[in-house]
Structure formats: structure tokens, C-alpha cells
Amino acid sequence: MSESRQYIRNTSGELLGYSKFGVLWNPDHSSRLGEFFAGKIYDNAKIVIAELELGKVITADGALVGEVKSVGNLRHDIYRHGQWVGYHEGDDILSAAAALMLIFDKL
């Protein structure tokens, strides 16, 4: 993952947060929302809440939350039940998966 902030936006382009160095932040960068590494997404208590498997985001209890699809090399579109709900501007697909959890207030 690059060192710069990677943006998380909904379909209307509204900024929902950032990802940087494996951590999710709120839009003004004042509150840590969770973290991600090694294919897993964690809440602030360091509990695994989801995993990324072949572009699919699966919760700890096995439910499919959504999908992440690469669109070029610096953007990932985020889907829930086949519907486009937002996107992640950055080079890391795992942070895009974590962004999906942010969009749905799972963190």
C-alpha cells in the first residue's frame, strides 16, 4: 500500500473516510475506525470482523457482505448485493474491502 491517504467515498462522491498504513480513519482523521492486514479486517478491539477472499468480503460468522472489484490500478468499486455502493481510491484491495465495512457501519 502506498504511503498517501487512500480515499473511501460513497456513490455520490461524499468522503466517508481514509485508509492509511492498514488503518481506517474517519473523514477528518480524528478517529480510528478499525484496521486491516493479512486478508483480515479488525475492529478497534482487534477482533476479526471480516475477511477478503477472492474479492468477496465475508464476515466472521460466514455471511457474504459484498464484493470489491478493481477498476484500473488505483480504484476499487464496492458492491453490496450486486449494487454499486461506493469506491476506494488507492492501490490496496484489502483497504477497499475494509472500506465496505466502513460504509455499512460494521466497524
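Here the structure is a predicted model, which means the values were calculated and not measured. (Residues numbered from 1 in each chain as written. Predicted model: local features only at pLDDT ≥ 70, side-chain atom pairs only at ≥ 80, totals over all residues. Heavy atoms only, no water.)

A.B. asks: How should I be thinking about the pattern of salt bridges in this particular structure?
C.D. replies: When charged atoms on two side chains of opposite charge get close, those side chains can pair. Summed over the entire model, instances satisfying the criterion amount to 6 salt bridges. Residue R75 is joined to D77 by a salt bridge in which the shortest nitrogen-to-oxygen separation is 2.8 Å. Look at R75 and you get partly exposed, because its relative accessible area is 28%. Since its relative accessible area comes to 8%, D77 is described here as buried. One network of salt bridges, in which partners are shared, links R32, E35 and K46. (Salt bridge = Lys/Arg side-chain N within 4 Å of Asp/Glu carboxyl O. Buried < 20%, exposed > 50% of the residue type's maximum accessible area, 1.4 Å probe, protein only.)

A.B. asks: What should I look at first to understand the packing of aromatic side chains in this one?
C.D. replies: One pair of aromatic rings is described through two measures. These are the centre distance and the angle between the planes. Under the counting rule described, the total for this entry stands at 3 aromatic pairs. Where F37 meets Y42, the ring centres are 4.8 Å apart and the plane angle is 15°; that geometry is what we call stacked. The buried category is assigned to Y42, whose relative accessible area is 12%. Above the ring of Y79, the side-chain terminus of K69 is found at 4.9 Å from the ring centroid. (Phe/Tyr/Trp six-rings, centres within 6.5 Å; stacked < 30°, edge-to-face > 60°. Lys NZ or Arg CZ within 6 Å of the ring centre and 35° of its normal.)

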